[in-house]
Amino acid sequence: MTEPLAPASSAARPSPRDGTPEGERRATPARRGGLLAAGALAALAVSACGGKVVVDGFEPRDGAGGFDETGGGTSSAPWDTSSSGQGGEIGEGGAPPIPPLVEEDLGEVAIGVPIPVDIPPGTLGFTAIAQLMTSRPSFDPIGIAEISGPGGRTFATDYSILGTVASFYNQGIGTAAVPQTGAAAAVPFVPGTYWITVGDGGFGVPAGPARLSVWRRQTLDGRFHGGKIDINAFIAGRALSEEYMRSALRKAYQGFVGLSVGNITVHHLGPEWDIIDEELLPIVLEQTAGAAGRPALNVIAVSQLGGRLELAAGVTPSVPSVAVEHGTHLSGIVVALYEQPDADTVILRHELGHFAGLFHTTEFEPTFADPLDDTARCDDVLALAERCPDYGNVMFPTGGDLSGQVTPQQTTIVQASAFYRGVVEDGGGAADPLPDDPGTPAGGARAPAPAGRDLAQAGRDLAGRGTASGDRAWTVALPPRAATLLEGHFCGQSAAAGADFFALLRAAGAADADQLLAVGRDPAAPVQARARALAAAGRAATPSAPVLAELQALAADPRLPRRARLGAIQGLASASPAAARALAARLAADPDAVVGRMATRAAR
């Protein structure tokens, strides 16, 4: 999370619609800040006007790319856009007497100078966003260095909250929020004058002009009354079917912390975005530029996360991230779902928790934990696993027991964030969506929609989901902690903080290649457990020739679920580069193009 950034590049960068992820990876030097790395593609226009802007249903919806009456996507969106749906029980519009969201646009601010912001009564919380004023997405660091408030209390210092692993700076844009802690004056929120300092992450890189905006959520009485989450779902290649994506989003978010699902708009990205690592993460988030609705949650579904994010099921670029502007390096979450509803619900809720400002209850390194008073803390996540007192919490680093528990303070933080259309009084309706982003591209070449998902592959994936959660026969030969890791949610935040999934698995007692292969072969095991076990089998101590041969056979077997095949490819590549190259040649014409691309990538 604190890896130094590389020097800035002044090279001109192509449009995201003109290039490919791999071409951009070669063209742009790597840059680090928070989770993100490497490259820029899309043009990004930002407004630098000063003054207060009252929003969330209180400005007329006019101009190009506006909303249709059914909540569908814009006619000028730069992707293939399907339909959208309404959801939930909360009424729409209804002319709320005050705006649920108010933007205080402070305009251009000086680096390192505290800026006062008056926060009135009735506020649930606010999100501060620092952004470099550039015409294209920037990879120079910028963020929120400090926040102090009434009574001199400090809420953030040195781009962080003491005891957590996240940083409040990133590439071109950085965020922090109040509340994010359980300290007095944060929960419940205390109005008054807050002082916010923008900084360059401490890197000394000339950042150029920076803009500060503060998005404040309010109700008539300062209490939560509900709201609707509008969602832009982006499907890379054939990662998921639209039907499953919609179903998973509704299951995860309908009723979560008292919120309802609003509009779901589905977009398709090309197959070049199927596999995302930490270098491509900011670039795929740029592809959300021009998306429908504000505020809105952008969820990008990919087939696989790789690189430093290997074996993670989801990643959020910053804690919190940005829902009021699309196309930035913080504009969404990226998930690799398993098509297992219970597990996918926890993945989606866990990543939304990060997006809204929640940390892990306890990190794998137990000296770090969230700053809340009502979440339990585990002395050693790896040693205790299911015996941890916070194991049931949705923000446990492995997703815990998948029950998805949340505490009152966690609920308050999510409800105070800026990602949903709010209700300001009992019995009221959710505000209308905001107008489109100022300067958002109104058009552009659409990426071709991929063909419908192969039915045979869909059947194999269904068969590979494993048995009902009560059937645990596949875990019998494993140490309990290893089974927990194999089937749980490994979060990209943990990976970025330095957690190595394979080291964790070895420490949990799963170091035998034959034992791991047995899990990978077992059709009753959850598909994520099979994939991870096969990836780990190749990293076991000195894999034998039979192990390599079996990994090759499993990777090439079209009867296996895609995710299991991808795990076998990863395992083989880590065990034998020569065998991986031979496998890549064999799979170059595989009917599943994702498998072929993964094999080629792994052989490099």
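Residues numbered from 1 in each chain as written. Predicted model: local features only at pLDDT ≥ 70, side-chain atom pairs only at ≥ 80, totals over all residues. Heavy atoms only, no water.

Observations regarding the overall build of the chain
A count of helices and strands for the chain gives 16 helices and 21 strands. Burial analysis of the chain (604 residues in total) assigns 62% to the buried set. Partitioning the contacts of the chain with sequence separation of at least 6, the portion at a separation of at least 24 is 79%. Of the accessible surface of the chain, which amounts to about 20,200 Å², a share of 54% is contributed by carbon and sulfur atoms. (Helix = DSSP H or I, 4+ residues; strand = E, 2+ residues; numbered from the N terminus. Buried < 20%, exposed > 50% of the residue type's maximum accessible area, 1.4 Å probe, protein only. Contact = heavy atoms within 4.5 Å. Areas by Shrake-Rupley, 256 points an atom, 1.4 Å probe, with all protein chains shown as cover.)

Topic: the nonpolar core
One broad trend across soluble globular proteins is that nonpolar side chains are buried collectively. Membership of the largest hydrophobic core comes to 76 residues, with the highest contact counts inside it found for Leu305, Val334, Leu505 and Ile569. If you look at the next biggest cluster of nonpolar residues, it comprises 41 residues, including Ile235, Leu240, Val335 and Val394. (Core = buried A, V, L, I, M, F, W, Y, C linked by side-chain atoms within 4.5 Å.)

Overview of the packing of helix 11 (residues 513-521) against helix 12 (residues 527-537)
At a closest axis distance of 8 Å, the pairing of helix 11 and helix 12 adopts a crossing angle of 150 degrees. Taken together, the axes of helix 11 and helix 12 are roughly antiparallel relative to one another. Note on packing geometry: the crossing formed by helix 11 with helix 12 is left-handed. From helix 11, Ala513, Leu516, Leu517, Val519, Gly520 and Arg521 reach across to helix 12, where they touch Ala529, Arg530, Ala533, Leu534, Ala536 and Ala537. Classifying every residue of the contact of helix 11 with helix 12 gives 9 nonpolar, 1 polar and 2 charged. (Axes fitted to C-alpha atoms, helices over the stretch in contact; angles between N-to-C directions. Parallel < 35°, antiparallel > 145°, perpendicular 65-115°, else oblique. Left-handed = near helix turned anticlockwise from the far one by under 90°. Nonpolar A, V, L, I, M, F, W, Y, C, P; charged D, E, K, R; others polar.)

Side note on the packing of helix 14 (residues 562-575) against helix 16 (residues 593-602)
For the pair helix 14 and helix 16, interaxial distance at closest approach is 10 Å and the crossing angle is 10 degrees. The orientation of helix 14 with respect to helix 16, classified from their angle, is roughly parallel. In terms of crossing hand, the pair formed by helix 14 and helix 16 is right-handed. Taking contact as the criterion, the partners of Arg562, Arg565, Leu566, Ile569, Gln570 and Ala573 in helix 14 are, on helix 16, Val594, Val595, Met598, Ala599 and Ala602. Of the residues in the contact of helix 14 with helix 16, the class split is 8 nonpolar, 1 polar and 2 charged.

A few points about the pairing of strand 6 (residues 115-119)
In strand 6, alternate side chains face the same way, and those of Ile115, Val117 and Ile119 are buried while those of Pro116 and Asp118 on the opposite face are not. Note that strand 6 and strand 12 (residues 192-199) share 5 bridges and pair antiparallel. Within the sheet, the bridge partner assigned to Val117 lies in strand 12 and is Tyr194. (Pairing = 2+ DSSP bridges.)

Concerning the environment of Ala323
Position of Ala323 relative to the elements: it lies in the loop between strand 19 (314-315) and strand 20 (333-335). When its relative accessible area of 5% is taken as the criterion, Ala323 is described as buried.

What about the pattern of salt bridges?
Enumeration over the complete set of coordinates arrives at 12 salt bridges. Residue Asp230 is joined to Arg421 by a salt bridge in which the shortest nitrogen-to-oxygen separation is 2.7 Å. Here the residue Asp230 occupies a position in strand 14 (residues 227-236), and Arg421 occupies one in strand 21 (residues 421-422), the gap between them amounting to 191 residues. You can call Asp230 buried: its relative accessible area is 4%. The exposure class of Arg421 is buried, given its relative accessible area of 0%. (Salt bridge = Lys/Arg side-chain N within 4 Å of Asp/Glu carboxyl O.)

Looking at helix 6 (residues 408-415)
Counting buried positions along helix 6 gives 6 out of 8 residues, so the element sits mostly inside the fold. Turning to helix 6, its buried residues number three or more, namely Gln409, Gln410, Thr411, Ile413, Val414 and Gln415. In the core, the buried residues of helix 6 are packed alongside strand 7 (123-132), strand 13 (210-218) and helix 4 (341-356).

Some words on unusual backbone geometry
Geometrically, the link from Val178 to Pro179 is a cis peptide bond, its omega value of 5 degrees lying close to zero. You can see Pro179 is positioned in the loop between strand 11 (173-178) and strand 12. With a phi angle near 45 degrees, Val257 is a residue other than glycine that sits in the positive phi range. Topologically, Val257 is positioned in the loop between helix 2 (242-253) and strand 15 (260-269). Backbone geometry places Ala385, a non-glycine residue, at a positive phi of 50 degrees. The residue Ala385 is located in the loop between helix 5 (381-384) and helix 6 in this model. On the accessibility criterion, Ala385 (6% relative accessible area) is buried.

Looking at the packing of aromatic side chains
Scanning the model with the defined rule gives 12 aromatic pairs in all. Where Tyr391 meets Phe396, the ring centres are 5.4 Å apart and the plane angle is 80 degrees; that geometry is what we call edge-to-face. When the ring centre of Tyr420 is taken as origin, the NZ or CZ atom of Arg217, which lies over that ring, is 3.6 Å away. (Phe/Tyr/Trp six-rings, centres within 6.5 Å; stacked < 30°, edge-to-face > 60°. Lys NZ or Arg CZ within 6 Å of the ring centre and 35° of its normal.)

Re the state of the cysteines
Under the criterion given, the structure shown has 1 disulfide. Linked covalently through their sulfurs, Cys378 and Cys388 form a disulfide whose S-S length is 2.0 Å. Around the S-S axis, the bridge from Cys378 to Cys388 shows a dihedral of about -55 degrees and counts as left-handed. Separated by 10 residues along the polypeptide, Cys378 in the loop between helix 4 and helix 5 and Cys388 in the loop between helix 5 and helix 6 bring together distant segments of the chain. Residue classification places Cys378 among the buried positions, given a relative accessible area of 1%. Relative accessible area serves as the criterion here: at 5%, Cys388 is assigned to the buried category. (Disulfide = S-S within 2.5 Å.)

Considerations on helix 4
Here helix 4 contains 16 residues, and its C-alpha end-to-end distance of 22 Å stays within 8% of the 22 Å for a straight helix at 1.5 Å per residue. Summarising burial for helix 4: 14 of the 16 residues are buried, a large majority. Positive phi shows up at Gly357, right after helix 4, with a value of about 125 degrees. (Expected span 1.5 Å × (residues − 1).)

Section: the environment of Ala130
With respect to the helices and strands, the residue Ala130 is situated in strand 7. The spatial distance from the C-alpha of Ala130 to the C-alpha of Thr197 is 9.3 Å, given a sequence separation of 67 residues. Contact partners of Ala130, with chain neighbours within four places excluded, come to Ile142, Gly143, Ile144, Gly172, Ile173, Gly174, Val198 and Arg211.

Digging into the confidence of the model for the chain
In this model, the chain carries a mean pLDDT of 81, and residues with pLDDT of at least 70 account for 78%. Taken together, the stretch residues 23-34 has pLDDT below 50 and engages in 45 contacts with residues farther than four places along the chain or on a different chain. A low-confidence stretch, residues 36-89 stays under pLDDT 50, and its non-local contacts, those more than four residues away or across chains, total 215 contacts. (pLDDT = per-residue confidence, 0-100.)

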